[in-house]
Amino acid sequence: MAIISEKISGKNILVLIESSNLKSAEYHTDDKTLTVEFKNGVKYEYEAVPWNLFTKFRMTESQGSFFNKNIARSFEYTKIEEDEEG
């Protein structure tokens, strides 16, 4: 498991992840939201994720494991519904 690529676009940081469960994560530095896309295509947005925690998530050996232990159940989240699907 590893970060495949990282792209910084303005105040957003998008990382593509090689993981059994995670596909990508996008961090919005202005409002500290973290949008995570899973391999099954489902996206969730996590609120008020501190910058230092996102940095640790990016640097860890297993993003999936770190996410499950430190982010998934620790922050308020919303499922993002895709408008173009359905």
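See above for the structure.
Residue positions are given per chain, counting from 1 as you read along its sequence in written order. Residue-level local features of this predicted model are given only where pLDDT is at least 70; pairs of side-chain atoms are given and counted only at 80 or more, and the full residue set underlies all totals for whole chains, interfaces and linings. Hydrogen atoms and water are omitted, and side-chain values are computed over all heavy atoms in the structure.

Notes on the overall build of the protein chain
The criterion, for reference: Helical segments are the DSSP runs of H or I of at least four residues, strand segments are the runs of E of at least two, and each set is numbered from the N terminus. Here the globule rule is a power law, 2.2 Å times the number of residues to the power 0.38, and the radius of gyration is based on C-alpha atoms. A 1.4 Å probe rolled over the protein chains alone gives each residue an accessible area, and that area as a share of the maximum for its type sets the label: buried under 20%, exposed over 50%, partly exposed in between. The criterion used for residue contact is that any of the two residues' heavy atoms lie within 4.5 Å. For the accessible areas, the method is Shrake-Rupley and the probe is 1.4 Å, while residue cover comes only from the protein chains on display.
Scanning the protein chain from terminus to terminus reveals two helices and six strands. When the helices and strands of the protein chain are listed from N to C terminus, the series reads β-β-β-β-β-α-α-β. The C-alpha radius of gyration of the protein chain comes to 12 Å, within 12% of the 12 Å expected for a compact globule of 86 residues. Based on the C-alpha atoms only, the size of the protein chain along its principal axes is roughly 35 × 30 × 25 Å. For the protein chain, with 86 residues in total, the buried portion stands at 34%. Long-range contacts, defined here as pairs at least 24 residues apart, represent 32% of the contacts in the protein chain between residues at least 6 apart. In the form shown here, the protein chain has an accessible surface area of approximately 5500 Å², with 46% of it arising from carbon and sulfur atoms.

Quick word on the side chain of Arg-58
Filter applied, for reference: Pairs of N or O atoms within 3.5 Å make up the polar contacts considered here, provided that, within protein, one atom can donate a hydrogen while the other can accept it, and that residues adjacent in sequence are counted only when both atoms are side-chain atoms.
Its location among the elements puts Arg-58 in helix H1 (residues 51-59). A residue is classified by how much of its surface remains accessible, and Arg-58, at 14% relative accessible area, is buried. In this structure the side chain of Arg-58 is engaged in a polar contact, spanning 2.9 Å, whose partner is the side chain of Glu-6. Not counting the four nearest positions on each side in its chain, Arg-58 is found in contact with Ile-3, Glu-6, Val-15, Trp-51 and Gln-63.

A look at a negative patch on the surface
Short version of the rule: Think of a patch as exposed residues, more than 30% relative accessible area, with no salt bridge, where like charges cluster within 9 Å and nonpolar side chains (Val, Leu, Ile, Met, Phe, Trp, Tyr) cluster within 5 Å. Any Lys or Arg side-chain nitrogen located within 4 Å of an Asp or Glu carboxyl oxygen qualifies as a salt bridge. In this tally, Lys and Arg are treated as positive and Asp and Glu as negative; His is ignored, and so are the chain termini. Charged groups are reduced to one reference atom each: NZ for lysine, CZ for arginine, CG for aspartic acid, CD for glutamic acid.
On the surface, Asp-30, Asp-31, Glu-47 and Glu-76 cluster together into a patch of negative charge. As for its placement among the helices and strands, Asp-30 is situated in the loop between strand E3 (22-28) and strand E4 (33-38). Relative accessible area serves as the criterion here: at 54%, Asp-30 is assigned to the exposed category.

Any functional reading would require information that these geometric values do not contain.
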